[in-house]
Amino acid sequence: MTPTHGVSSSHRVRLALLLGSALVAPSLALAQPVASEFNPPPPARAGPATVGEIVVTAQKRAENLQSVPISIQAFTTQKLEQLRVKSFEDYVKLLPSVSTTTGSTGIPGNSSVSFRGIATDGGLYLSGTLPTVGTYLDEQPISTITGAPDIHIYDIARVEALAGPQGTLYGASSEAGTIRIITNKPDFSRMSGGYNLEFNQVVDGGPGGIVEAYLNAPLVKDKIALRAVGWYDHTGGYISNVFKARTFPTSGITQTNGNLLESNANTTDTVGARAQLGIRLDENWTILPSVIAQRESWHGSFRADTTLPDLEVGHYYPEGGHDEWYQAGLTITGKIANFDITYAGDYMQRNSQSHNDYSDYGYFYDLVHGSGAYVVNNAGELINPSQLNINTDAYHKVSQEFRVASPRIGRFRAVAGLFYQRQYQKEENDYLTTGFADRLSVPGRPGQVWLTKEVRIDRDYAAFGQGDFEVTDKLTITGGIRGYRFDNSLVGFYGVNTTYFGTGVRQCLGPPVGPYGLGAAVVPGTPCTNLGVLNPDGSISPKTSKGDGVTWKANATYKFDPDHLVYFTASTGFRPGGINRAGTGAPFDADHLNNYELGSKNAFFDRRLTLNATIFQEDWNGVQVTYQAPGGSGVALIANAGGARTRGVEGDFAWQATRHFQLSGAGTYVDAKLTTPLFVGSTTPSAPAGQRLPLTPQVKGNLIGRYTFDLFGLDAHAQLAGVYVGERNPVLVTSDLAKTGVLPSYFTMDGAFGVAKGRTSLEVYIRNITDERGQLSRAAECNINVCGPSAADPVGEIYAVYIQPLTIGIRFGQSF
């Protein structure tokens with residue numbers, strides 16, 4: 001039976017159940033407290049009679065989550081295990097204030113994330129906008145221009161999600177929020193370890209499995225300890241490449257894919273390891289060197305053609321790729337007098353490559369513009385104009401932070417610090433046509449229709465401080481400020497040969513030198529440089545974008561008693577400006593966010609129930625919007641285009657109904673829209689004031705129930721979790737939206753039943769019980785403004801990236 005994608009009556013009933021139990025956001029987890037980062041307690045084996053305390057470090061110090069006056073959700077080690085969170089997609093679906101979209105290809109490690117509707121497009125390319133959400137692994141930022149790596153979640157102490165601008169403590173890439181992944185640290189007190197073995201099967205798809213293990217070893221008692229973690233994860237496929245044929249209009253050539261047919265082709269393999277060495281110099285000072293490395297490789301297409309039967313695609317080139325990265329870090333913590341000192345430095349290197357079918361571009365560009373007449377071989381004969389895209393990216397990042405936290409001096413305490421970050425990113429995008437004439441190819445690259453090869457460097461500098469003052473025993477005011485400066489540059493080449501399709505290579509800079517007589521190539525491997533600045537002396541410099549400014553935060557918190565507080569926060573955030581690669585495009589400026597929120601955190605019935613809620617409004621000014629350059633070139637431009645605002649409510653609850661039954665939930669309602677008409681590349685509005693911002697549902701929520709009981713002397717549990725995601729617009733521009741259609745709402749349920757005896761456990765689980773076809777993204781391969789610029793033009797196949805279908809699995813684990 002084919003699943004339905006609208007909001008059915010059953011969906012509305014499920015949604016009513018969700019929203020009747022919770023509103024949305026801060027503290028979903030029910031778990032044991034974390035005693036300290038270096039000495040966490042062992043996970044609890046039985047449900048507590050009250051909702052457990054959760055200690056977070058969102059404000060650069062350890063605090064009880066229920067006492068932190070910000071909108072924050074946290075998943076502890078225990079909750080991550082209970083919910084089988086293994087990837088970015090797993091935890092983001094449980095964060096109602098967070099929305100995500102994949103890139104148009106849907107490949108792993110290529111996701112964009114936003115909080116509270118602060119999004120205009122997915123970004124995810126080198127000369128695009130920086131993220132609005134910062135992602136951190138412990139103290140180190142790991143976001144790159146194409147999103148953060150998808151870290152395998154195992155032996156993780158917490159995942160924290162901080163909604164709203166975090167620009168005071170976390171900086172430029174935290175304009176809308178911050179996600180923090182905090183690992184379990186070496187334990188000096190005892191030897192411990194564990195492993196999990198898992199097998200699963202996508203129903204009507206392929207098999208998968210996970211092997212993961214950790215070992216904690218004190219090497220010198222109370223002085224040196226090592227914690228090592230390793231994992232391997234194979235994800236089964238569920239999208240099949242089926243037979244397809246098409247005839248190109250101009251040449252009459254028919255293309256088929258009979259040699260590439262494959263069922264359940266989109267498999268993923270992830271292997272990685274992490275190690276941390278805790279060195280306690282004395283009772284005050286600790287050094288923590290760490291290293292993590294991961295390689296994720298994939299095969300097949302991760303998007304399905306919506307014009308074909310369920311979960312099928314008809315592509316003509318082999319597809320696949322890899323994303324490999326490592327990060328080495330050093331964290332030093334200690335005390336000078338009563339002041340806490342922290343230094344965190346890291347170096348990250350990431351390399352990725354993907355092979356993507358780009359046949360639609362050749363076909364629909366030929367259909368609309370007759371481009372096939374220009375695609376010939378060396379003999380001048382018309383050939384198949386389809387293309388293969390190979391995208392290769394390399395990143396290097398260095399970040400350093402030094403901060404000092406004061407003790408409580410009377411009624412005052414503060415934290416202050418310095419931050420520096422440098423990101424180097426090199427992108428090469430190759431578009432290849434087999435047999436394409438040498439004289440028409442990009443110079444020096446036979447068979448290459450288009451080349452983009454650029455180097456981007458982003459530098460960020462900041463000084464920050466935040467202080468709390470207890471006006472009375474109940475009222476505390478907080479103020480924070482961050483001064484920042486950014487310095488970004490971009491240089492390289494993009495374009496085609498001068499004789500191809502009459503458009504030519506974009507104007508090369510400088511005198512006609514070099515092996516092709518076109519100009520100097522600043523970036524090796526390019527025919528010349530057409531993205532840069534020609535200096536009076538004939539040299540070429542990168543294009544640059546520089547700026548500075550201040551972000552701030554003000555908060556007032558009133559505690560009625562230890563179990564009830566209210567707070568009001570006004571804060572700001574920013575995202576640095578950048579460079580348009582097209583010669584006609586001026587640099588774009590930073591955009592800025594003003595946030596206002598009123599929240600309440602509460603515990604009832606001897607802390608058996610927690611209930612937290614926040615109402616907010618965010619005003620977004622000078623919004624960075626991506627659009628296609630006029631003239632059908634397909635080159636993306638970015639402009640600061642007017643304003644937008646988001647307004648909503650978010651909340652969560654956690655209820656220990658009995659000693660054996662836990663119920664928790666979270667939800668959000670967001671009204672995110674433009675406040676001014678959107679003008680990009682035209683005097684005609686591309687979207688009217690009031691248009692919904694893309695990628696974010698108005699309503700998103702979850703409800704989780706867990707029951708523990710004795711079963712023939714075994715500790716047994718049964719769990720059911722439901723998630724609702726509302727309808728979303730995949731794009732902002734009205735004409736594009738008319739062609740892509742919306743992302744429909746969906747509801748999913750996961751279930752699990754397991755038993756444990758001592759430190760051995762066995763669990764059977766089902767994911768996506770109703771086999772829902774939830775869509776994560778929706779797009780055309782050939783850009784709408786290039787292949788189908790007018791309403792009458794065909795837009796080509798619309799592809800959708802889906803959540804994983806119904807999957808059944810079993811997991812066995814032991815610890816010591």
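Residues numbered from 1 in each chain as written. Predicted model: local features only at pLDDT ≥ 70, side-chain atom pairs only at ≥ 80, totals over all residues. Heavy atoms only, no water.

Engineer: It is not clear to me how the overall build of the protein chain should be interpreted in this structure. Could you clarify?
Structural biologist: Across its full length, the protein chain carries six helices and 42 strands. Buried residues in the protein chain amount to 59% of all 816 residues. Across the protein chain, contacts joining residues at least 24 apart in sequence account for 70% of those joining residues at least 6 apart. As displayed, the protein chain offers around 29900 Å² of accessible surface, 60% of which is attributable to carbon and sulfur atoms. (Helix = DSSP H or I, 4+ residues; strand = E, 2+ residues; numbered from the N terminus. Buried < 20%, exposed > 50% of the residue type's maximum accessible area, 1.4 Å probe, protein only. Contact = heavy atoms within 4.5 Å. Areas by Shrake-Rupley, 256 points an atom, 1.4 Å probe, with all protein chains shown as cover.)

Engineer: Explain the nonpolar core to me, please; I cannot follow it from the model alone.
Structural biologist: Soluble globular proteins: nonpolar side chains tend toward being buried together. In terms of nonpolar packing, the biggest core is built from 71 residues, with Tyr91, Phe115 and Leu678 touching the most fellow members. At four residues, the largest contribution of residues to this core is made by strand 8 (residues 156-163). Residues contacting phenylalanine 115, with those up to four places away along its chain left out, are Ser97, Val98, Val133, Ala161, Leu162, Ala163, Ala176, Gly177, Thr178 and Ile179. Membership of the second largest hydrophobic core comes to 15 residues, among which are Ile54, Leu162, Tyr170 and Val415. (Core = buried A, V, L, I, M, F, W, Y, C linked by side-chain atoms within 4.5 Å.)

Engineer: Explanation requested: the sheet that holds strand 6 (residues 133-137) in the structure shown.
Structural biologist: Spatially, the five strands line up as an open sheet ordered 3-8-9-6-7, and their pairing is mixed. Strands at the two margins of the open sheet, each flanked by one partner only, are strand 3 (72-76) and strand 7 (140-141). Strand direction decides the pairing type here: strand 8 and strand 9 (residues 177-183), joined by seven bridges, are antiparallel. Paired with leucine 162 across the two strands is threonine 178, which belongs to strand 9. (Pairing = 2+ DSSP bridges.)

Engineer: Teacher, can you tell me more about the environment of proline 677 here?
Structural biologist: As for its position among the elements, proline 677 is in the loop between strand 35 (661-674) and strand 36 (699-711). A relative accessible area of 36% places proline 677 in the partly exposed class. Residues proline 677 and glycine 643, 34 residues apart in the sequence, show an inter-C-alpha distance of 8.4 Å. Not counting residues up to four positions away in its chain, the partners in contact with proline 677 are Pro685, Ala687, Pro688 and Ala689.

Engineer: Even after reading the chapter, I still don't get the pattern of salt bridges, so can you show me in this structure?
Structural biologist: Note that side chains of opposite charge can pair when their charged atoms are close. All chains considered together, the criterion is met by 42 salt bridges. In this structure, arginine 180 engages glutamate 160 in a salt bridge whose closest nitrogen and oxygen atoms are separated by 2.8 Å. Of this pair, arginine 180 sits in strand 9 while glutamate 160 sits in strand 8, placing them 20 residues apart in sequence. Taking the relative accessible area as the measure of exposure, glutamate 160 reaches 0% and is therefore buried. Here aspartate 305 ties to lysine 244 by a salt bridge, and the two come within 3.3 Å at their closest N and O atoms. One end of the pair, aspartate 305, is in strand 18 (residues 304-305); the other, lysine 244, is in the loop between strand 13 (240-241) and strand 14 (245-247), and 61 residues separate them in sequence. Comparing aspartate 305 with lysine 244, the two get one shared label, buried. Each of Glu81, Lys86, Glu212, Glu763 and Arg811 takes part in salt bridges that share partners, so that together they form one network. (Salt bridge = Lys/Arg side-chain N within 4 Å of Asp/Glu carboxyl O.)

Engineer: Would you explain the state of the cysteines in this entry?
Structural biologist: What we call a disulfide is simply a covalent bond connecting the sulfur atoms of a pair of cysteines. Within the structure shown, the criterion is met by one disulfide. Two residues, cysteine 508 and cysteine 528, share a disulfide whose sulfurs are 2.0 Å apart. Taking the torsion about the sulfur-sulfur bond, which here is approximately -55°, the covalent link between cysteine 508 and cysteine 528 counts as left-handed. Here cysteine 508 is found in the loop between strand 25 (475-495) and strand 26 (533-534), whereas its partner cysteine 528 is found in the loop between strand 25 and strand 26, with 20 residues between them in sequence. With relative accessibility at 12%, the residue cysteine 508 sits in the buried group. (Disulfide = S-S within 2.5 Å.)

Engineer: Please clarify how the side chain of threonine 101 should be interpreted in this entry.
Structural biologist: Locating threonine 101 in the fold gives a position in strand 4 (residues 98-102). For threonine 101, a relative accessible area of 7% translates into the label buried.

Engineer: Even after reading the chapter, I still don't get the environment of alanine 716, so can you show me in this structure?
Structural biologist: Tracing the sequence through the fold places alanine 716 in strand 37 (residues 714-725). Between the C-alpha atoms of alanine 716 and leucine 762, which are 46 residues apart in sequence, the distance is 9.5 Å. Excluding residues that lie within four positions of it along the chain, alanine 716 makes contacts with Tyr707, Thr708, Phe709, Leu711, Gly754 and Val755.

Engineer: Just checking my understanding: could you explain a nonpolar patch on the surface for this structure?
Structural biologist: A cluster of nonpolar residues, Val203, Leu720, Ile766, Ile769 and Ile808, forms a patch on the protein surface that exposes about 350 Å² of accessible area. Relative to the assigned elements, isoleucine 766 resides in strand 39 (residues 760-767). (Patch = residues over 30% accessible without salt bridge, like charges linked within 9 Å, V, L, I, M, F, W, Y side chains within 5 Å.)

Engineer: Explain the sheet that holds strand 41 (residues 798-802) to me, please; I cannot follow it from the model alone.
Structural biologist: Strands in a sheet are paired, the pairing made by backbone hydrogen bonds, and the direction either parallel or antiparallel. The strand order across the open sheet formed by three strands is 18-41-40, and the pairing between neighbours is antiparallel. Looking at which strands have only one partner, the edges of the open sheet turn out to be strand 18 and strand 40 (775-780).

Engineer: Help me understand the packing of aromatic side chains in this model?
Structural biologist: Working definition: an aromatic ring pair is given by the centre-to-centre distance plus the angle between the planes. One pass over the structure, following the stated rule, counts 17 aromatic pairs. Plain terms: the ring middles of tyrosine 136 and tyrosine 170 are 5.2 Å apart, the flat faces sit at 75° to each other, and that makes the pair edge-to-face. In this pair, tyrosine 136 is assigned in strand 6 and tyrosine 170 in the loop between strand 8 and strand 9, connecting sequence segments 34 residues apart. Neither tyrosine 136 nor tyrosine 170 differs from the other in exposure class; each is buried. With a centroid separation of 4.9 Å and an interplanar angle of 55°, the aromatic rings of tyrosine 358 and tyrosine 431 are classed as tilted. Linking tyrosine 358 in the loop between strand 21 (339-357) and helix 4 (359-369) with tyrosine 431 in strand 23 (residues 412-432), this pair joins segments that are 73 residues apart in sequence. Exposure class is identical for tyrosine 358 and tyrosine 431. Each is buried. Clustering of aromatic rings is evident, with ring pairs tying together Tyr358, Tyr361, Tyr365 and Tyr431. Just above the ring of phenylalanine 188 sits the side chain of arginine 280; from NZ or CZ to the centre is 4.1 Å. (Phe/Tyr/Trp six-rings, centres within 6.5 Å; stacked < 30°, edge-to-face > 60°. Lys NZ or Arg CZ within 6 Å of the ring centre and 35° of its normal.)

Engineer: Is there a simple way to explain the side chain of asparagine 389 in this structure?
Structural biologist: By secondary structure assignment, the location of asparagine 389 is in strand 22 (residues 388-405). For asparagine 389, the side chain forms a polar contact with the main-chain oxygen of aspartate 430, separated by 3.3 Å. (Polar contact = N/O pair within 3.5 Å; in protein donor to acceptor, adjacent residues only side chain to side chain.)

Engineer: Mind showing me how you'd approach the pairing of strand 34 (residues 643-656) here?
Structural biologist: Each regular strand displays side chains that alternate between the two surfaces of the sheet. Burial analysis of strand 34 places twelve of its 14 residues in the buried class, the great majority of the element. Pairing geometry for strand 31 (residues 609-621) and strand 34, over 13 bridges, is antiparallel. Bridging from a neighbouring strand, tryptophan 620 pairs with alanine 644 of strand 34. One ladder, built from 13 bridges, connects strand 34 with strand 35; its direction is antiparallel.

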